[in-house]
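Residue strings, one per chain:
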Amino acid sequence: MNTIKLTNSKTRQKEFFTPINSCNVRMYVCGPTVYDRAHIGNARPVVVFDVLYRLLRYVYGSRHVSYVRNITDIDDKIIDRAVQAGIEIDELTSKTLNWFHEDMAALGVDYRNDPQFFEPRATEYISEMLAMIEELIKRRHAYVAKQHVLFSVESFQDYGSLSGRSTEDMIAGARVEVAPFKQNSMDFVLWKPSNNDQPGWESPWGRGRPGWHIECSAMSHALLGETFDIHGGGSDLIFPHHENEIAQSRCFCPKGDFARYWLHNEMLQVDGKKMAKSVGNFFTVRDLLNQSVPGEVIRFVLLSTHYRKPMNWTKKKADEAMMTLRKWRNLTSGIKEGRPPENVVNALADDLNTSRAVAELHRLAAVQDGPSLKAGAMLLGLLHDNLGHWYAPKSNDIDEILVERIEFWINQRNLAKIEKNYARADAIRHKLSAVGVAVLDTVDGVKWAINPAHENSGKWELLE
RNA sequence: GGUGAGUUGGCGGAGAGGCUACGCAGCGGACUGCAAAUCCGUGUACACCGGUUCGAAUCCGGUACUCACCUCCA
């Protein structure tokens, strides 16, 4: 069995991973708040932890790994957005969740038929949250103030240990206005009141809704128990979200360890800057797909940098990824995958070193080892059939008249070649390539292909 | 102000005290009417200043710069 090493944010060290129970390895990752299309940065943890899930399944067996990724479907951002759009919250969240599933499936993350994957929605776990909050109050880790229930950070000694902050530092640096009813300015909300226009549930403290952090504590506890193996998410969640989760869960189950290994992926930047709508470098996964950047290419780019390093999204990386994938698909087309090669498995087992795994795949490609290349790539979620539509576009996607027109020029060029009129032959090739039609002379005759991402693709009138 | 991450060849990006990373681009060559694809060969590197060591890109100290988090955020 392969030994997996993971960098644990809790200890800031790379550690050997030993599951509590190797027949039931349990992982929890913070999922999306469903109010809008997933942007490219949202996709990074989804893909990174998908690779970890694949690795764990490979090492421990697919029936021995459970993966929970929650859906936050009650949140002030959702409420605001629904009001803006003039629709019901359910309509917004279910529409957004469908988008999320579609977009992530395009990146090769699709758990629809996976009995080991769980996707709890916060609104389905309100009673568990209420029970947890009541228990925290009973144990004096939480208190009621003005219809709010607040967690008392002073009641938990280890508060701040994950993010390495002392409570004093946090208070000094806090830029938030502190609600006057808080006993300590760092105390955070477990439950807050809802007015009549806001969604709410009856509770001992009046009609209200849960705070964000309690969701993950309640859902991970309900589905994975009081101690589980891995908790993942983006590094921006370390504080306050994960810190608060730890406080809630550890105080609720003082005997449990909550999560034993904390994994955090670094942030994604675009053209060297944090993605922001104001900077104009903000785009969603769907935007890229619509620009004919295949999901497999997006996935490759996301895995080409180690997950613990900030990564920069650029068009150039996507272009290079596409070239590599085309090469690998040429090499493996019609070939059945073999066993995942040791070098690739070892690279992944070493703290999910995806970029080293990619380097190993390049080596396998260089020695033309198709079966190993394919198996290794598949462990990364690449070269699967369902991601290959871009590589072999179906001819029936193309207008028949257009095909006739292209083939007319191909024939003209063939005639020119027979007459050794190479100037004319080249001129025709240029004409076709100007609209994104590549012409290749191969041993099997002349072939052509349309590149839908070409800047003039679709401007077929240029062909006249 | 506090916390953390980082600075590797033209670009991207691993590694980690002595051994070619790898990819793209470049250059030379094979193949080709020319291209494309493919194949073969090839150069360039570890921010700066000190220290430890037989030996440092890798360890230690300092400096500079970059980024993120401390507020909803993946």
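See above for the structure.
In this text, all values refer to a predicted model and were calculated from it rather than measured experimentally.

1. So, unusual backbone geometry
The residue after Phe 239, namely Pro 240, is reached through a cis peptide bond having omega 0 degrees. Inspection of the secondary structure assignment puts Pro 240 in helix α7 (residues 238–252). Here Gln 147, not a glycine, exhibits a phi torsion of approximately 65 degrees, which is positive. Take Gln 147: it is sitting in the loop between β6 (142–145) and β7 (148–151). In this structure, Phe 258 is a non-glycine residue whose phi angle is positive, near 60 degrees. Here Phe 258 is to be found in strand β11 (residues 258–265). Overall, Phe 258 belongs to the buried group, its relative accessible area being 4%.

2. Some remarks on empty space enclosed by the protein
All chains considered together, the criterion is met by two cavities of 30 Å³ or more. Considered as a void within the structure, the largest cavity measures approximately 40 Å³ in volume. As for the largest cavity, its lining consists of Met 132, Ser 217, Ser 220, His 221, Gly 225, Glu 226, Ser 249, Phe 252, Cys 253 and Phe 258. The set of elements that each furnish at least two residues to the lining of the largest cavity consists of α6 (212–224) and α7. Ranked by residues supplied to the lining of the largest cavity, first place goes to α6 with three residues. Counted by class, the lining of the largest cavity contains four nonpolar, five polar and one charged residues. Considered as a void within the structure, the second largest cavity measures approximately 40 Å³ in volume. What lines the second largest cavity is Val 48, Val 51, Leu 303, Thr 305, His 306, Tyr 307, Leu 352 and Thr 354. Its residues assigned to classes, the lining of the second largest cavity comprises five nonpolar, three polar and no charged.

3. Overview of the packing of aromatic side chains
For the structure on display, the rule yields 17 aromatic pairs. Their ring planes at 55 degrees and their centres at 5.0 Å tell us that Tyr 53 and Tyr 67 sit as a pair that is tilted. Residue Tyr 53 is located in helix α1 (residues 40–60), and its partner Tyr 67 is located in strand β4 (residues 65–69); the two are separated by 14 residues in the primary sequence. Each member of the pair Tyr 53 and Tyr 67 is classed as buried. Relative to Trp 313, the ring of Phe 283 has its centre 6.2 Å away and its plane inclined at 65 degrees; by these criteria the two rings are edge-to-face. Placement of the pair is Phe 283 in the loop between β13 (273–274) and α8 (285–290) and Trp 313 in strand β14 (residues 311–313), with a sequence separation of 30 residues. This pair shows no difference in class: Phe 283 is buried, exactly as Trp 313 is. Ring-pair connections join several aromatic residues into one group, and the members of that group are Tyr 28, Phe 228, Phe 258 and Trp 262.

4. Here's the deal with the environment of Val 51
Within the fold, Val 51 resides in helix α1. For Val 51 and Ala 106, which are 55 residues apart along the polypeptide, the C-alpha to C-alpha distance reads 15 Å. Once you skip the residues sitting within four places of it in the chain, Val 51 turns out to touch Arg 299, Leu 303, Leu 348, Leu 352, Thr 354, Leu 379 and Leu 380.

5. Quick look at the packing of helix α4 (residues 126–138) against α7
Two elements in contact, α4 and α7, have axes whose closest approach is 10 Å; the angle formed by their N-to-C orientations is 75 degrees. In terms of orientation, α4 and α7 fall into the roughly perpendicular class. Counting all contacts with α4, which are made through Ala 131, Met 132, Glu 135 and Leu 136, the residues of α7 involved are Gln 248, Cys 251 and Phe 252. Residue classes in the contact of α4 with α7 are distributed as five nonpolar, one polar and one charged.

6. Some points on the sheet that holds strand β9 (residues 208–210)
Strand order in this open sheet of four strands is β6-β7-β8-β9, and the pairing throughout is antiparallel. Every interior strand has two partners, whereas the edge strands, β6 and β9, have only one. Averaged over all pairs of adjacent strands, the angle between strand axes in this sheet comes to 20 degrees, irrespective of strand direction. In this sheet, β9 lies alongside strand β8 (residues 188–193) in antiparallel orientation, the contact comprising three bridges. Each bridged residue has a counterpart across the sheet, and for Pro 193 the counterpart in β9 is Gly 208.

7. Observations regarding helix α3 (residues 89–106)
Compared with an ideal rise of 1.5 Å per residue, which puts 18 residues at 26 Å, α3 spans 26 Å between its outermost C-alpha atoms and is within 8% of the ideal. Restricting attention to buried positions, one finds in α3 the residues Ile 89, Leu 92, Thr 93, Thr 96, Leu 97, Phe 100, Asp 103 and Met 104. Taken around the axis of α3, the buried residues stretch over an arc of 135 degrees, which confines them to a single face. Among the structural elements, α1, β4, α2 (76–85) and α8 are those in contact with the buried residues of α3.

8. Quick notes on the pairing of strand β1 (residues 5–8)
A regular strand places its side chains on the two faces of the sheet in alternate fashion. As paired elements, β1 and strand β2 (residues 13–16) share four bridges and run antiparallel to each other. Pairing of Lys 5 across the sheet is with Phe 16, part of β2. The antiparallel pairing of β1 with β2 creates a hairpin that spans four residues between the two strands, and Arg 12 there sits at a positive phi of about 60 degrees.

9. Things to note about the protein's contact with RNA strand B
Lining the immediate environment of RNA strand B, one finds 48 residues, of which Trp 212, Gly 234, Leu 237, Lys 274 and Arg 429 sit closest. The contact atoms of RNA strand B, taken as those within 4 Å of the protein, divide so that sugar and phosphate hold 62%. A distance of 3.3 Å separates a sugar or linking oxygen of RNA strand B from a polar side-chain atom of Lys 316. Take Asp 426: an N or O atom from its side chain is 2.8 Å from a base nitrogen of RNA strand B.

Criteria and thresholds
- Residues numbered from 1 in each chain as written.
- Chains lettered and ligands numbered in written order.
- Predicted model: local features only at pLDDT ≥ 70, side-chain atom pairs only at ≥ 80, totals over all residues.
- Heavy atoms only, no water.
- Helix = DSSP H or I, 4+ residues; strand = E, 2+ residues; numbered from the N terminus.
- Buried < 20%, exposed > 50% of the residue type's maximum accessible area, 1.4 Å probe, protein only.
- 1 Å grid on protein atoms, 1.4 Å probe; cavity = no way out; pocket = protein on both sides within 12 Å on 5 of 7 lines; lining within 4 Å.
- Points joined across faces, edges and corners; volume = space filled by probe spheres on them.
- Nonpolar A, V, L, I, M, F, W, Y, C, P; charged D, E, K, R; others polar.
- Phe/Tyr/Trp six-rings, centres within 6.5 Å; stacked < 30°, edge-to-face > 60°.
- Contact = heavy atoms within 4.5 Å.
- Axes fitted to C-alpha atoms, helices over the stretch in contact; angles between N-to-C directions.
- Parallel < 35°, antiparallel > 145°, perpendicular 65-115°, else oblique.
- Pairing = 2+ DSSP bridges.
- Expected span 1.5 Å × (residues − 1).
- Arc of directions from axis to C-beta.
- Near = heavy atom within 4 Å.
- Polar contact = N/O pair within 3.5 Å; in protein donor to acceptor, adjacent residues only side chain to side chain.

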